[in-house]
Structures are given as structure tokens and as C-alpha cells.
Amino acid sequence: MKANRNALLPEDLRFTCDVKDLPWESTDQVPTLERPVGQERALKAIDFGLKIASSGYNLFLVGEPGCGKSSMVNAMVEKKAAGEGVPLDWAYVNNFENPRNPLAVSFPAGKGRIFAHQMRDLVEILRKNIPAALQDKEFEGRRGEIIERMARENAALLEQFQQRAMEENYSFEKIENEYVFIPLRDGDKLSQEDFNALPEEVRETYEETIRRLREQLKETTREARRREEETHKRVDAMARDQVRNAVAPLIESIASAHPDNEKLHGFLEAVLEDILRNFSDFLESGDKSILPEIRIMTGEPPLKRYEVNLIVDMSQQKGAPIVREAHPTFSNLIGKMEYSIQFGMATTSFSQIQAGALHMANGGYLILDALEVLKSPFAWEAIKNSQKAGHVQIEDLGEQYRPISTATLKPEPIQLNTKIVLLGTPFIYYLLLAHDEDFTKLFKVKADFGSTMSRTREAVEEYALFVSTHCRDENLLPFDASALAAVVEYGARIAEDKERLTTRFNRVADLIREASFWARERGDSVVTRDHVVGAQEERNYRYSRIEERLGELIEEGTLMVRTEGQVVGQVNGISVYDMGDYRFAKPTRLTAKVFLGKAGMVNVEREVKMSGSIHNKGVMIVSSYLAMRYASDFPLSLTASVTFEQTYEEVEGDSATAAELLALTSAIAEVPVRQDMAITGSMDQHGNIQPIGGVNEKIEGFFNTCRDRGLCGTQGVVIPTANVRNLMLSPDVIDAVRAGTFAIYSVDSMDEAIELMTGREAGVRGEDGRFPEGTFNGAVEDRLREMADQLRGHEEEMAREEEEE
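Residues numbered from 1 in each chain as written. Predicted model: local features only at pLDDT ≥ 70, side-chain atom pairs only at ≥ 80, totals over all residues. Heavy atoms only, no water.

Draft legend 1. Main features of the overall build of the chain. A tally of helices and strands in the chain yields 27 helices and 30 strands. Relative to the 2.2 N^0.38 estimate, which gives 28 Å for 805 residues, the radius of gyration of the chain is 47 Å and therefore markedly larger than a compact globule would have. The dimensions of the chain, computed from C-alpha atoms along their principal axes, are 160 × 90 × 50 Å. Taken across its 805 residues, the chain has 48% of its residues classed as buried. In the chain, once contacts between residues fewer than 6 apart in sequence are set aside, the share between residues at least 24 apart is 76%. As presented, the chain carries roughly 40,600 Å² of accessible surface, and 48% of it is formed by carbon and sulfur atoms. Placing the 96 positive and 133 negative side-chain charges of the chain at their respective mean positions leaves the two points 4 Å apart. (Helix = DSSP H or I, 4+ residues; strand = E, 2+ residues; numbered from the N terminus. Rg over C-alpha atoms; globule rule 2.2 N^0.38 Å. Buried < 20%, exposed > 50% of the residue type's maximum accessible area, 1.4 Å probe, protein only. Contact = heavy atoms within 4.5 Å. Areas by Shrake-Rupley, 256 points an atom, 1.4 Å probe, with all protein chains shown as cover. Lys, Arg positive; Asp, Glu negative; His and termini not counted. Charge placed at Lys NZ, Arg CZ, Asp CG, Glu CD.)

Listed below in C-alpha cells is the structure:
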């Protein structure tokens, strides 16, 4: 009678979606989904985060994989970005004053590409115009006249010196490309022999004269060189003026195309001055032996320093940019400097600077996976530093780790205005929240995605819209009303709640695709309930090899599980196996042994370090309940061991607490427990049965074992009453319950579970404080009291023996 009261009816075991609740006969009649499903809280948070422009209001989308974070934020960001202005172009140009610090220049969208073409065209034009300007006849005539005048003046200076030397009895002549002094006597040249034959005082006079002439020659030479330098300066100034006349109008024309860009105008002025200093680079026959510093550092062609490195080109952009960086490494985020190998050395220049995702998303939105960011060294720090500083600084990551400092570039930082959106699981979010003090300052908007939503009529209709949209977008077969109902039921099964539906739509979308596939395989033109159910069965079959093998081990007797009879101190618990992509359950034997002693309850798994903290807590609750319930007026005098038999992995969770207490009290009272029943449920210290997870898998797991051995009509599972709303059982289980060959019972307390699992009345304490005779609880208490008396007697006997000794 008690069992009948606790037995669940077939209609309690599953929510069935009535096709009458769907106003469509097929998805061909269902409109397209236009907004995200079931995430109103997250929707409002994202909308707020995208609209607020204050610093630090970046977004972190929190939710389990598959709950629609990516699709929702993509749709909302695209809509928001489409109505915003196109941000600036950015380019790096040469810094002529300090080539190691390239300059960052911004342009209105599309103007950067124009400027880059203008500078490229300028160089090509100057390759022709500068040589032409310097070959102008008027310029060449004036230059030739100045050089000729300088030559005449130097020749006159030399002639004056030669005349002075003649007056001093020396001839100053050029012999074989070398000027020499030759002594004279009476106007005739003296040979070396004649000179040596002169009196010593005469020779000394000649030597004193030549010393004086050589000093005068130095002065004459310095004067000639001074005149040459002045002439070269005049010629060079004339050439610069000539080149300026050729270049300045072109530079001014470029500057006029970019008004109000003072930084660009300053760069163009520097370009003009550099061209005037190095105009020989534009001459085919110019002096190439002395090159500007930038070429020594980079090994690049000399005219490349006038080019523009356009790293961000928004000329084709419509609205604000949206960047989704799938591989957010340090360099992919903040940019990098590429290197070239020249003469065995790595060199770089401003033209080898590459933009990162932060540059490309500047003025727009950057969407990143938080886990991928944290997996990449220094990527998280790069994001934080850029956000805190308000600019992005391209750095050579290896510079700070090289044993010897090397010369490299330090590009000018670029101002940053990027809204960053991170997507991650709750674990990552709370990890950053707990360990990074900057996290809450930089990511002030949390969009929390739930994994389920209430099963309202509107939610069911939105499910139908979701199916319809996928059918249209992916060219799938249409779903009829029965198939739509089956998809809704699948959503309840994933949510593990008859009153809720899952929002992990990646799994729902997979079911839609697979159901359409199997319908096409069978030659059908419309997807029905049978196709949806069949797709689930096919998927389960693909992933259930381990489940089937464990079932075979149970059938073979390798894993020993009884599904008939009664045993003292043994209970069928149910263990869930989560393989990551598939979850199932199988029965597990829990056994208990009781001895006289004082050790209390011993958790075997804990002793061998195979027990998790939650399971340890559950065992301690069992121990506390045992003492409170049965030994309130005498000491608990027993040693008991409880274990999961044939378990070789860590045991975690408290869903076996009720089974452990039942096994322990059965062993104490020596009352057998039904083996055709399994039980799952957590328990508190007052004996109340609490809900657990995986209830559907647990029931189906024990049912499959019983079915494989043959259903005898008495088998069933005891579950917490609080889990009844979580039941979304397979049709096989429901059919067996309807046929009376399998049963599912719900209980609220341990006393109810005891009566179902033992067939004996649990018993309630009477006015005398004792449990009625013949009840289960009475048997437990009597046995514990007897053990306490035995232990007390044993201790007294031991004390007497010690006194006698």
C-alpha cells in the first residue's frame, strides 16, 4: 500500500508536447526567428554594454558552451556597428629625426590609401624631375660659371705663390702629378750635385727659405680649399634651391589634399628637408657611397624611406569594424615587427610593422574567446595594458628576454578606442574576478547566459521559430508539427526539467541537422517525430560503446550486480559516468559491515584516498544521522565499513547518501534489502531526501540492466520526490511502467525509502521514546543498544582482569 502511494504514474515520467499547442503544421509556415531565444537578462546586458561609451565598460559574456553567446553577440554587434561611423585609417611613416621611432599618422577613412599612393607617385615623379631640374641649361650655366670662377681664382693664387717663390730663388713646378720646389741660382736650376757643392752657409740660407715657402704654401692651399668649399656650398645651395623649386609644389599639393592634419603636414615638411639633403639618391650617377642613417640600419633601398606603411585601411569599411580573432596571441593582438636577414643580421624598419587585432578593431569591436586569450602567453596582459593606457603599443616581445640588448624599433603608440567582448565559461569569469584586480575595472558589463529557460507557450513557439530558421538557412527538410514537438521535448530532456527548456542551442541545432539527414536517407520529404527520435537513438548508438561494454560485464557476471532477491547490508546504488560527450549510468553495489568497536563509520574510499570531498561530507552526514536517530541515550559502540564494490576510480558526490545509510542500517538490524530495487538520493541530518543530478540516466541505467536480464515485474528505482519534475525518461521506461513490469517511486524521507527497500515498517517513536517492536528502526536501535551493552561488559571485564594482574 505504501509502495502504491509512492509509485509514479506514466504521465509523471515525461513531459509530452501536444502538437495542438503549436499553431503550425510545418516549419514552412513558421516565420524566421528575429531575436535571440530565452536570454532576456543577457540581451539587456549586452545592449547596455554596447551603447555605453564610458571607459572600462567592456563586456564579458558568461555561459556554458552552446548557450548562444557567440551568435547573440555577433548579431547585436553587427546591428550596432552598421549604424556607426567608419573610424580612422592609420599608417606608420619614417621619423627622419629618429628612424628608430616611426611616427603614427591618422587619416579619415579612405584617405590613408590615397596618401600612400600620393607618396609613391611623388617618388616616381621626383626620379625624373630632380635629374631634369639639375640638367637645366640655365642652372648648369650658372653652376659652371661659379666653378670656373673658383678655378680661375685658385689658378691666380697658385701663380702668385709661384712668383713669390721665384723671388726667393725657388721654382715651384709640377712634376709627375706632384708639386716640388727646385732651387735657382742666377735664374738657373741647380742640380742636386750643384746644390751639395754650395758653401754650407749658402745651403742653410736656401733651407731656411724653403721652410718659409712651405709655410706660405700651406696658407695658399688652405685658402684654395676654403674657396673650393665656398664654391661647393654655393653650388649645393643652388642645387637645393633648384630641387626645392621642383619638389615643393608637389609636396604642397599633397598637403593641400589633407587639410587640418597638422601631424601629416609636419611629416611632409620633414620629407622635403630630407629630399633636399639627399637629392643625390634620385640621380642615377649620384654619389652613393654615403647613405643616410636609415639605410645603414635597415639595408633598404634609399627611397623606401618615403613610402607609407598603411596598417589600417578603412576605405572599404561600412560602419564600425568588427574583428573576431580566433588565435589571440600577443603579436596577433597588438601587432608585430617583421625582420629581414641581411648579411647575417636581422633588420627591420617602419615598413615592416604589421597591425594587430586591436588596430583593426580600433573604433569598433573586438570579440575574443577568453580561454584562448588566457592560453596565449602575455595576451591577457597586452589587452589590459592597452585598455588602461588608452593606446596600443607595438613591442618586440623577445627584446626583454634577450641576454644582450639589440637595436630595434619603438613605434609611436596609436590611440585606442575599442570595445572588447570576451566570451567564456563561469569558471573563467570567476577565476579572473578572484585573482585579477584589474578585471572589474576593465570589464564592467557581465552578460550572464543561463543554460535553461521556463517552458512557457512563448518559449515553445520560439523553439519552433529556431527550427524553422535553421531549416531555411541550411537548406534542411521541413519539420512537421510532431517533429517540432519532439524537438521541444528534447530541449526539456537536456534541461533535465519538465518545466524548462535548454538554451544550449548547439545541441538542438545538431539534432535538427541529423533528423533532416536521416529523413533524406529514408527518402522522406518531411521530418517527423520518428526521424527526430531516430536521430537521438542513432547518436546514442554512436557514443554508447563504453555503456554497452559495462552492460556486457554485468551480464557476464564480471561486474556483480543482483536484480532479484534480498541481501543484508547490500544496496543497489546507481553511478553516473560522464564521458564529456555522452553521459550514462549503471548500478553499483554498496555494501556495509558492522563490528563491535568504537571507530564508528569507516569510509573505505576515503581511507584509500578514492573519495571526493562532497562524498566525504555525505558519509559524515550518515554517521551523524545514525547517532542522532538511534543512539540518543547511549553511546554508539560500533565499527562499520561502507564501500562501493568494484569501483576503481574516485567516488564523488552525495547522491548515494541514502543508499549508504540503508546498507549500514540493514547490516546493523540484520534486515535484508531488496536487490530488485535501486535507490538514489542525497540526505540531510534530519533524514530528509534531497534531489540529485542525472536522475534520468540513473533510472534508465538500472532499467537497462533489469531489461537485459529480464523484467520480473517487481523491479524499480527509488528517487527523491523533488526530482519528479526532472523526469524526461525514454519511451522504453515509460512503456514498462505502463505495463506494470517496472516501477519508479518517489520518497521524501529515509523512513519511506526504508519501507520500500525492505518491505518492513520503518516505525515512529512512541510516547515511551522507543520504536515499536518489529519495525525496522526498532531493530536498528535494539541492535545498537545490545552492542553498547556488549562493549560495556567487555570493557568492565578487561578492567577486572587488569586489576587482578
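After presenting the structure, the write-up continues.
Draft legend 2. Region of interest: the sheet that holds strand β2 (residues 89-93). The three strands are arranged β3-β2-β7 in an open sheet whose pairing can be described as antiparallel. For this open sheet the edge positions go to β3 (103-107) and β7 (309-312), each flanked by a neighbour on one side alone. Direction aside, neighbouring strands of the sheet carry axes that sit 30° apart on average. Judged from the five bridges that link them, β2 and β3 form a sheet pairing that is antiparallel. Bridging across to β3, A91 finds its partner in V105. (Pairing = 2+ DSSP bridges. Axes fitted to C-alpha atoms, helices over the stretch in contact; angles between N-to-C directions.)

Draft legend 3. Inspection of the environment of N540 at higher detail. Note on placement: N540 falls in helix α19 (residues 529-543). Each C-alpha atom of the pair N540 and R583 lies 9.6 Å from the other, and the pair is 43 residues apart in sequence.

Draft legend 4. Main features of the layout of surface pockets. What the second largest pocket holds in volume is close to 890 Å³. Taken together, 38 residues form the lining of the second largest pocket, with S575, V576, Y577, T647 and E650 sitting closest to its centre. Of all the elements in the fold, those that place two or more residues in the lining of the second largest pocket are α20 (545-556), β21 (570-578) and β22 (583-595). The element best represented in the lining of the second largest pocket is β22, accounting for six residues. Its residues assigned to classes, the lining of the second largest pocket comprises 19 nonpolar, nine polar and ten charged. (1 Å grid on protein atoms, 1.4 Å probe; cavity = no way out; pocket = protein on both sides within 12 Å on 5 of 7 lines; lining within 4 Å. Points joined across faces, edges and corners; volume = space filled by probe spheres on them. Nonpolar A, V, L, I, M, F, W, Y, C, P; charged D, E, K, R; others polar.)

Draft legend 5. Quick look at the pattern of salt bridges. Here the structure, examined in full by the defined rule, presents 53 salt bridges. A salt bridge links K51 to D47; the shortest N-O distance between them is 3.3 Å. On the criterion of helical spacing, the pair formed by K51 and D47 is a turn pair, its members being four residues apart in helix α2 (residues 40-51). Residues participating in the shared-partner salt-bridge network are D633, R765, R770, E781, D782 and R785. (Salt bridge = Lys/Arg side-chain N within 4 Å of Asp/Glu carboxyl O.)

Draft legend 6. Empty space enclosed by the protein, seen in detail. Evaluation of the coordinates by the stated rule reveals one cavity of 30 Å³ or more. In terms of residue class, the lining of the largest cavity is built from three nonpolar, three polar and no charged.

Draft legend 7. Fine view of the nonpolar core. One finds V571, L664, I679, V718, M750 and M757 to be the most contacted residues of the largest nonpolar core, which totals 50 residues. Every element with two or more residues in this core is listed here: β22, α22 (613-630), β24 (639-644), α23 (657-669), β26 (677-679), β30 (743-747), α26 (750-758) and α27 (776-804). The dominant element in this core, judged by the number of residues it contributes, is α23, at nine residues. Not counting the four nearest positions on each side in its chain, I679 is found in contact with V571, N572, G573, I574, A658, A659, V718, A753 and M757. (Core = buried A, V, L, I, M, F, W, Y, C linked by side-chain atoms within 4.5 Å.)

Draft legend 8. Local environment of unusual backbone geometry. Phi is positive for K609, which is not a glycine, with a value near 60°. Tracing the backbone shows K609 in the loop between α21 (604-607) and α22. Overall, the relative accessible area of 76% leaves K609 in the exposed class. The backbone phi angle of Q646 is positive, close to 55°, even though this residue is not glycine. For Q646, the position within the fold is in the loop between β24 and α23. Since its relative accessible area comes to 25%, Q646 is described here as partly exposed.

Draft legend 9. Representation of the sheet that holds strand β8 (residues 322-324). Reading across the sheet, the five strands line up as β8-β13-β16-β1-β17 and stay open at both edges, with parallel pairing between neighbours. One side of each edge strand has no neighbouring strand; the edge strands of this open sheet are β8 and β17 (445-448). Across the sheet, the mean angle separating the axes of adjacent strands is 20° when strand polarity is ignored. In the sheet, strand β1 (residues 59-62) pairs with β17 via four bridges, with the strands oriented parallel. Following the sheet pairing, F60 is matched in β17 by K446.

Draft legend 10. Structural detail: the confidence of the model for the chain. Looking at the chain as a whole, its pLDDT mean stands at 89, while 96% of the residues score no less than 70. Confidence over residues 286-299 falls short of pLDDT 50; this stretch has 32 contacts with residues more than four positions distant or in other chains. (pLDDT = per-residue confidence, 0-100.)

Draft legend 11. Layout of the pairing of strand β13 (residues 365-369). Counting buried positions along β13 yields four of five residues, so the element is predominantly enclosed. In the sheet, β13 pairs with strand β16 (residues 419-424) via five bridges, with the strands oriented parallel. From the neighbouring strand, D369 faces β16, where its bridge partner is L423.

Draft legend 12. Focus on the pairing of β24. By the criterion of burial, β24 is predominantly enclosed, with five of the six residues buried. Two elements, β22 and β24, share six bridges in a ladder whose sense is antiparallel. Bridge assignment links V594 to a residue of β24, and that residue is A640. Here strand β23 (residues 600-603) runs beside β24; their pairing, made up of four bridges, is parallel. Each bridged residue has a counterpart across the sheet, and for V602 the counterpart in β24 is S641.

Draft legend 13. Representation of the side chain of S682 within the structure. Looking at where S682 falls in the secondary structure, it is placed in strand β27 (residues 682-683). A distance of 3.0 Å separates the side chain of S682 from the side chain of D654, its partner in a polar contact. (Polar contact = N/O pair within 3.5 Å; in protein donor to acceptor, adjacent residues only side chain to side chain.)

Draft legend 14. Expanded view of the packing of aromatic side chains. Evaluation of the coordinates by the stated rule reveals 20 aromatic pairs. Each ring, one from F48 and one from Y57, has its centre 6.0 Å from the other, and the planes form 85°; the classification is edge-to-face. Pairing Y429 with Y430 gives two aromatic rings, centres 5.0 Å apart and planes at 85°, and the pair type is edge-to-face. With a relative accessible area of 43%, Y430 lands in the partly exposed category. A network of ring pairs unites the aromatic residues F60, W380, Y429, Y430, F439 and F443 as a single cluster. One Lys or Arg, R455, reaches over the ring of F15 and ends 3.8 Å from the middle of that ring. (Phe/Tyr/Trp six-rings, centres within 6.5 Å; stacked < 30°, edge-to-face > 60°. Lys NZ or Arg CZ within 6 Å of the ring centre and 35° of its normal.)

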